[in-house]
Amino acid sequence: MREINHPEESVHEENSAGVTTIGVVGAGLMGAGIAQVAAAAGFTVLIHDSVEGAFARAKESIEGRYRHLQAKGRMEAAAVEDALGRLAEASCVEDLAGCDAVIEAVIEDLAVKQDVFERLGRVVGDHTILATNTSALPITDIAARCCRPGQVVGMHFFSPVPVMRLCEVVRGYRTTDAVLQAAVDLAHRLGKETIVVSRDDAGFVTSRLMTVLVQEAARIVEEGLATPEDVDRACELGFGHRMGPLATTDLTGVDVAYRAGRSIFEATGDPTFRPPQILRRMVAAGALGRKSGEGFYQHDRERG
Ligand SMILES: NC(=O)c1ccc[n+]([C@@H]2O[C@H](COP(=O)([O-])OP(=O)(O)OC[C@H]3O[C@@H](n4cnc5c(N)ncnc54)[C@H](O)[C@@H]3O)[C@@H](O)[C@H]2O)c1
């Protein structure tokens, strides 16, 4: 259910229907995925990344995925060309001034994100949706140095963006109702389903739920109660999860899961989110999951 009300409300009439041009800041895993779905949905997409060559790499990976869809008969050749033609590079954040919506997907670092939104705030229009794809940082903190905090909203996509159907839309303290609704509408136009989180409490909904499941799964293994394989099988076969929590942790990174839990624990002081020692020890030992070849599973051999 959507909860859209706020005392700080300053109503703009905007909604995403007028959005034709989307800016994406950060051309990494998530930025490239967001750009891919946005261009395929008919939006003109301007992408800025601070690292030289990042745009070219993102465009190449997007083209590879479009060609894959084309080969499977799920995208017409003309649609691939059209979508690729709608992707362009922006050399700086300020070049996104004319965008109707900007989705930020830079690294998960508060100071870096604050800088992006401070600069965007100075140049965009009153109608521009300023969205952040942060996994867990408070939207209010990200908007703190932006002169347009009412226009800043969380749009949390999931990896891989073209596949995962959810966009978690998160309201910051000053996010207006109109911008929250515009973000929901925009997510729908990008082919996503939404949930609305009415406050930017640590971890929102999804990271909070996932943290509890992953940490409890890790504790069960730490206590010797069951193997990682059996914990994952319990969730897959008993609960219908597509992938168990420990296999998922190996995929996204044991370090990422550890940090997510630690940041929610630090923000709330709630012992529910205190990371188990096993995660800390695995991170210290460099057992980070697939990226290091070893986590809860060995990745150089078949999962047992
Ligand atoms: N990876 C995931 O599964 C996932 C899922 C949901 C949300 N997120 C969030 O999305 C964001 C991006 O994650 P990612 O996995 O794509 O990271 P990534 O490291 O793949 O990409 C980040 C990109 O941002 C660029 N960048 C860094 N500082 C910049 C700046 N000041 N201006 C412009 N570009 C800059 C980097 O060069 C890099 O290309 C993070 O906030 C992350 O928490 C990630």
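Refer to the structure printed above.
First things first, this report covers the structure right here in the doc. The residue numbers shown here count from 1 along each chain, following its written sequence. The predicted nature of this model means local features are confined to residues of pLDDT at least 70 and side-chain atom pairs, given and counted, to a pLDDT of 80 or more, with totals for whole chains, interfaces and linings taken over all residues. Working from all heavy atoms in the structure, the side-chain values ignore hydrogens and water.

Considerations on a nonpolar patch on the surface
Link 1 in the chain: Here a patch means residues that are over 30% exposed by relative accessible area and free of salt bridges, tied together within 9 Å if like-charged and within 5 Å if nonpolar (Val, Leu, Ile, Met, Phe, Trp, Tyr). Computed by Shrake-Rupley with a 1.4 Å probe, the accessible areas treat only the displayed protein chains as cover when residues are assessed. A pair is scored as a salt bridge if a Lys or Arg side-chain nitrogen falls within 4 Å of a carboxyl oxygen belonging to Asp or Glu. Judged by side-chain polarity, I195, V205 and L209 come together as a nonpolar surface patch covering roughly 240 Å² of accessible area.
Link 2 in the chain: The helix count covers DSSP runs of H or I at least four residues long, the strand count covers runs of E at least two residues long, and both are numbered beginning at the N terminus. Relative to the helices and strands, V205 is located in the loop between β8 (193-197) and α7 (206-222).

A few points about the sheet that holds strand β1 (residues 21-25)
Link 1 in the chain: Think of it this way: DSSP has to see at least two bridges between two strands before they count as a pair. Strand order in this open sheet of eight strands is β3-β2-β1-β4-β5-β6-β7-β8, and the pairing throughout is mixed. Edge positions in the sheet fall to β3 (87-89) and β8, since each of these pairs with one other strand and no more. When the angles between neighbouring strand axes are averaged without regard to direction, this sheet yields 25°.
Link 2 in the chain: In the packing of helix α2 (residues 54-71) onto the sheet, contacts are made with β2 (44-48) and β3, and the angle to β3 comes to roughly 170°.
Link 3 in the chain: Relative to the sheet, helix α4 (residues 110-123) contacts β1, β4 (101-104), β5 (129-132) and β6 (152-157), its axis offset from that of β5 by approximately 175°. All axes are obtained by fitting lines to C-alpha atoms, using only the stretch in contact for helices, and the reported angles, taken between N-to-C directions, cover 0 to 180 degrees. In what follows, a contact means two residues having at least one pair of non-hydrogen atoms within 4.5 Å.

Side note on the layout of surface pockets
Link 1 in the chain: Note on definitions: the grid is 1 Å and covers protein atoms alone; a cavity is a set of points where a 1.4 Å probe fits but cannot get out; a pocket is an open set with protein on both sides within 12 Å along at least five of seven lines; lining residues have an atom within 4 Å of a point. Grid points are joined across faces, edges and corners, and a volume is the space filled by probe spheres set on the points. Here the second largest pocket defines a volume of roughly 260 Å³.
Link 2 in the chain: In this structure, the second largest pocket is lined by 13 residues; those nearest its centre are Q36, L69, R74, P162 and V163.
Link 3 in the chain: Going through the elements one at a time, α1 (29-40) and α2 are the ones with two or more residues in the lining of the second largest pocket.
Link 4 in the chain: Here the element with the most residues in the lining of the second largest pocket is α2; it accounts for four residues.

Description of the nonpolar core
Link 1 in the chain: Grouping buried Ala, Val, Leu, Ile, Met, Phe, Trp, Tyr and Cys residues that are joined through side-chain atoms within 4.5 Å yields what is termed a nonpolar core. The classification of residues rests on relative accessible area computed with a 1.4 Å probe and restricted to protein chains. Under 20% of the type maximum is buried, over 50% is exposed, and intermediate values are partly exposed. Among the nonpolar cores identified, the biggest contains 45 residues, and I22, V45, F157 and L186 are the most heavily contacted of them.
Link 2 in the chain: Those residues in contact with L186, other than ones at most four positions away along the chain, are S16, V19, I22, F43, A101, I129 and M155.
Link 3 in the chain: One finds V93, L120, V124 and I139 within the second-largest nonpolar core, a separate group that totals 22 residues.

Topic: the pairing of β2
The side chains of a regular strand alternate, residue by residue, between the two faces of the sheet.
Link 1 in the chain: Buried residues dominate β2, accounting for four of its five residues.
Link 2 in the chain: Relative to β2, β1 is paired through five bridges, and the arrangement is parallel. Bridge assignment links V25 to a residue of β2, and that residue is H48.
Link 3 in the chain: Read from β1 through α1 to β2, the crossover connection turns out right-handed.
Link 4 in the chain: As defined by bridge partners, β2 adjoins β3 across three bridges and the pair is classed as parallel. By the bridge assignment for β3, V45 is matched with L87. Whether a crossover is right-handed depends on one test, that the path from the first strand over the helix to the second runs clockwise when the strands point away from the viewer.

A few points about the pairing of strand β7 (residues 166-171)
Link 1 in the chain: Taken across its six residues, β7 has five buried, putting it largely inside the fold.
Link 2 in the chain: One ladder, built from five bridges, connects β6 with β7; its direction is antiparallel. The residue bridging V153 from the neighbouring strand is R171, located in β7.
Link 3 in the chain: In this structure, β7 lies alongside β8, joined through five bridges in parallel fashion. Following the sheet pairing, E168 is matched in β8 by I195.
Link 4 in the chain: In the classification by handedness, the crossover that spans β7, the intervening helix α6 (residues 177-189) and the parallel β8 is right-handed.

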